[in-house]
Amino acid sequence: MFFMNSLEQQINELAKAAVKSLYAVEATDEQIQLQKTRPEFEGNITLVVFPFVKIARKAPQQVAAEIGEWLMANGQKLIAKFNAVQGFLNLVIDDAFWIKQLEAIDADGQYGRFDRPSDKALPFREGEGVGSPLMMVEYSSPNTNKPLHLGHVRNNLLGYSIAKIQEANGWKVVKTNIVNDRGIHICKSMLAWLKYGNGETPETSGKKGDHLIGDYYVRFDKEYKKQISELMAAGKDEETAKREAPLMLEAQEMLRKWEANDPEVRALWAKMNSWVYAGFDETYKRMGVSFDKIYYESNTYLEGKSEVEKGLASGAFYRREDGSVWADLTKDGLDEKLLLRSDGTSVYMTQDIGTAKLRFQDYPIDKMVYVVGNEQEYHFKVLSILLDRLGFPFGKELVHFSYGMVELPNGKMKSREGTVVDADDLMDKMIEDAREISKDKVNTLQGITEEEANEIARKVGLGALKYFILKVDPRKNMLFNPAESIDFNGNTGPFIQYTYARIQSVLRKSVSPKDGLSSVSVSGFTGAAGLSLDSKELALIQRLCEYPATVRTAGEDFSPAILCNYAYALACDFNSFYHDLSILNEPDETKRALRLLLAKNVAKVLCSSMALLGIEMPDRM
RNA sequence: GGUCCGGUAGCUCAGCUGGAUAGAGCAACAGCCUUCUAAGCUGUGGGUCUCGGGUUCGAAUCCCGACCGGAUCACCA
């Protein structure tokens, strides 16, 4: 494995030695503060010397100069020169170091991938096995009563990307999905379909199954509201009307029948769910997400019920007079939580308990991560306590990866009211837009087949969508304005894809891509020839060196956004380099070889980082 | 009301484990294609980092307090 931040490590040690030698004090890691040199100053890496000013009893500028001199004298040629500005010691690293780094990166086929998670991320069963610890990542978790919308898109993209990022960090990852395939909401769609559907199917209507079912969910809500207002007009108050509306009573009856295994209800349920799954599969496939193991609530809720019963027996929970079962969480600073309704049916929490138990039976999970919106923070706080109370050792260790909502300009999306941005429609739109834009590219895309053009549009359109969503800090709410289309210019997925495509084009045109790529001689840049790295070349190498540490941080912080920022910065650096310096037309062979090597590795890292985001790269666009 | 999260350019967002003159993109304006892909590059304008205190050599960043916005505290999921 290529070690991360080798430069920072080396400077760290040198700086400690310098401080010890100059001021007879052992500096701590905390005191050695390194940062990238700001572009307006000369240098690559900067040591902040303020922490030593008191120790040295000298002016910051002088301390910086002294340390600089010492490093020059004792740094084994690592540091070519330095300048001291106020309390900042800017170090210029010798070209030879950078060339060696680039060669090491090029030689590393797994650059940016780790064998083991960092100590910081190690799980609670640490030290148990050899090999990689196992992380299970739950994401998506749809209800089967409506199609996926933009909120699900954010969830799916985050979940998939998190899984990829953790894999790169040395975890074995099992991607999982819990399908909420039962419950009152499903019954609502079923009931509406029975009453108003006239036997409509995906085949007869030509609609995707999930959309068809979604339509009936909306229909239920419409008819239900109508009944409520009728009841209210007849003198009932709103609460009573909501509770006594015939449609609601029927839906509840249907749920009871479902739990009682009523054959007719079950058959209808199975049929309608199968339509939905076919629709979901299509959407997932297109989105590029996948799962290693899918759980269905209908298979786990009984397990949950039996766990609740056990908890009841052990005194962890209690039953009220009406028969409902509760957990008292007041000692944990929370409320009382319902686990089973008075009619015996289970709720969301019940099911989650059962699912958790089954998962830990099925896999040797070291860390369980739930990718679920921040609106459910309370739920997972409670789940964690309940599992712990039921005696499951993993209860306390659950990670709720809580991400922010996607908001529209006028507020939240509401499925029942139809104010949602549909996932399928959005992907269609993005791909269409990409196709439209690429029509102007007659020069670069001439001679490609219709199929290739479609494939490029697909990658670019989805790339734009994915990057747009993933570049935002996952913890924060984000805004999506349907009236403004997602950009293809600037800080976007297509910008990074474009950079990659440019590099591929250069590599295709280089007479023999293999020639010269591996034969850059360090001495060519340090010996008598007197070659030196251009600042643009150097910036690129330095950026490439930051990749492994970026992957680490993205893993520890569960943040695809960090990788977006990195990939964008790398692409910016490359485009600037590409603009200023010629690769193929460079007459000096050593320089040309170096630039080709650089281009090749920039492409490699761009592709690798985008892959961790689930974004595919086109070879041309 | 309790708890949690957020407030940075006209808009969307970085930066937040304290460091140099707060950054990108979009939008606006001005340049750059007989030269490796102009989905690119360069430049201009645009800021009381919500407000007020505190900590210190140094605060967008940490602490306290306001104000504003959001989430949550269901026999919904």
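Nothing here was measured: the structure is a model prediction, and the numbers come from that model. (Residues numbered from 1 in each chain as written. Chains lettered and ligands numbered in written order. Predicted model: local features only at pLDDT ≥ 70, side-chain atom pairs only at ≥ 80, totals over all residues. Heavy atoms only, no water.)

### A look at the overall build of chain A
Phase 1 of the analysis: Looking only at helices and strands, chain A has 22 helices and 14 strands in total.
Phase 2 of the analysis: The proportion of buried residues among the 621 residues of chain A is 53%.
Phase 3 of the analysis: The long-range fraction of contacts in chain A, counting pairs at least 24 apart against all pairs at least 6 apart in sequence, stands at 74%.
Phase 4 of the analysis: Accessible surface for chain A amounts to roughly 28,200 Å². Of this, 49% is attributable to carbon and sulfur atoms. (Helix = DSSP H or I, 4+ residues; strand = E, 2+ residues; numbered from the N terminus. Buried < 20%, exposed > 50% of the residue type's maximum accessible area, 1.4 Å probe, protein only. Contact = heavy atoms within 4.5 Å. Areas by Shrake-Rupley, 256 points an atom, 1.4 Å probe, with all protein chains shown as cover.)

### A look at the confidence of the model for chain A
Phase 1 of the analysis: Chain-level pLDDT for chain A is 91 on average; 95% of the residues reach the 70-or-more range.
Phase 2 of the analysis: As a predicted assembly, this complex carries a pTM of 0.95 together with an ipTM value of 0.96. (pLDDT = per-residue confidence, 0-100.)

### Some points on the sheet that holds strand β3 (residues 79-85)
Phase 1 of the analysis: Pairing is antiparallel in the open sheet, where four strands are placed in the order β1-β2-β4-β3. Unpaired on one side and paired on the other, β1 (33-36) and β3 mark the two borders of the sheet. Strand-to-strand twist across the sheet, computed as the mean angle between neighbouring axes with direction ignored, equals 25°.
Phase 2 of the analysis: Direction of pairing for β3 relative to strand β4 (residues 88-93): antiparallel, over a ladder of six bridges. Along β4, the bridge assignment pairs Ile79 with Ile93.
Phase 3 of the analysis: Sitting on the sheet, helix α1 (residues 6-23) touches β1, β2 (45-48), β3 and β4, and the angle it makes with β2 is about 35°.
Phase 4 of the analysis: Contacts from helix α3 (residues 60-74) reach β2, β3 and β4, with the element oriented near 175° to β3. (Pairing = 2+ DSSP bridges. Axes fitted to C-alpha atoms, helices over the stretch in contact; angles between N-to-C directions.)

### Let's talk about the nonpolar core
Phase 1 of the analysis: Ile67, Leu71, Ile93, Trp98, Leu150, Ile496 and Leu606 are the most contacted members of the largest nonpolar core, which totals 153 residues.
Phase 2 of the analysis: Counting residues in hydrophobic clusters, the runner-up holds 35 residues, among them Ala327, Met349, Val372 and Leu398. (Core = buried A, V, L, I, M, F, W, Y, C linked by side-chain atoms within 4.5 Å.)

### Remarks on the pattern of salt bridges
Phase 1 of the analysis: Summed over all chains, the structure comprises 44 salt bridges.
Phase 2 of the analysis: Between Arg182 and Glu297 there is a salt bridge, with its nearest N and O atoms 3.0 Å apart. Of this pair, Arg182 sits in the loop between β6 (172-179) and α6 (184-196) while Glu297 is found in helix α12 (residues 297-314), placing the two residues 115 residues apart along the sequence.
Phase 3 of the analysis: The exposure class of Arg182 is buried, given its relative accessible area of 2%.
Phase 4 of the analysis: Exposure remark for Glu297: the relative accessible area of 5% places this residue in the buried category.
Phase 5 of the analysis: Glu200 serves as the salt-bridge partner of Lys207, at 4.0 Å between the closest nitrogen and oxygen.
Phase 6 of the analysis: Using a relative accessible area of 33% as the deciding quantity, one classes Lys207 as partly exposed.
Phase 7 of the analysis: Here the salt bridges do not stand alone but share partners, grouping Lys36, Arg543, Glu546 and Asp573 into one network. (Salt bridge = Lys/Arg side-chain N within 4 Å of Asp/Glu carboxyl O.)

### Digging into the packing of α6 against helix α10 (residues 246-259)
The description of two packed helices rests on the angle between their axes and on the distance between the axes.
Phase 1 of the analysis: Contact geometry of α6 with α10 gives a least axis separation of 9 Å together with a crossing angle of 115°. Classified by the interaxial angle, the pair formed by α6 and α10 is roughly perpendicular. The crossing of α6 and α10 is right-handed. Contacts between α6 and α10 involve Ile184, Cys187, Lys188, Met190, Leu191, Leu194, Lys195 and Tyr196 on the former and, on the latter, Leu247, Met248, Glu250, Ala251, Gln252, Met254 and Leu255. (Parallel < 35°, antiparallel > 145°, perpendicular 65-115°, else oblique. Left-handed = near helix turned anticlockwise from the far one by under 90°.)

### Digging into the protein's contact with RNA strand B
Phase 1 of the analysis: Near RNA strand B lie 64 residues; those nearest to it are Asp322, Asp335, Lys441, Tyr498 and Leu581.
Phase 2 of the analysis: Take the atoms of RNA strand B that sit within 4 Å of the protein: sugar and phosphate atoms are 64% of them.
Phase 3 of the analysis: Between Ser342 and RNA strand B, the recorded distance is 2.8 Å, taken from a side-chain N or O atom to a base nitrogen.
Phase 4 of the analysis: A distance of 3.4 Å separates a base oxygen of RNA strand B from a polar backbone atom of Ala501.
Phase 5 of the analysis: It is helix α17 (residues 493-509) that contributes the most residues to the surface near RNA strand B, seven residues altogether.
Phase 6 of the analysis: The residue makeup of the surface near RNA strand B, split by class, is 26 nonpolar, 22 polar and 16 charged. (Near = heavy atom within 4 Å. Polar contact = N/O pair within 3.5 Å; in protein donor to acceptor, adjacent residues only side chain to side chain. Nonpolar A, V, L, I, M, F, W, Y, C, P; charged D, E, K, R; others polar.)

### A closer look at the side chain of Lys146
Phase 1 of the analysis: Tracing the chain through its elements places Lys146 in the loop between β5 (134-138) and α5 (150-168).
Phase 2 of the analysis: Notably, Lys146 is buried but unbridged: the nearest opposite-charge side chain belongs to Glu375, and the N-O separation is 9.3 Å.
Phase 3 of the analysis: If we ignore the near neighbours within four places in the chain, the residues touching Lys146 are Asp210, Gly214, Phe280 and Ser415. (Lys, Arg positive; Asp, Glu negative; His and termini not counted.)

### Topic: α1
Phase 1 of the analysis: Over its 18 residues, α1 runs 26 Å from end to end, which matches the ideal 26 Å to within 8%, given 1.5 Å per residue.
Phase 2 of the analysis: Looking at α1, one finds that the buried residues are Ser6, Leu7, Ile11, Asn12, Leu14, Ala15, Ala18, Val19 and Tyr23. (Expected span 1.5 Å × (residues − 1).)

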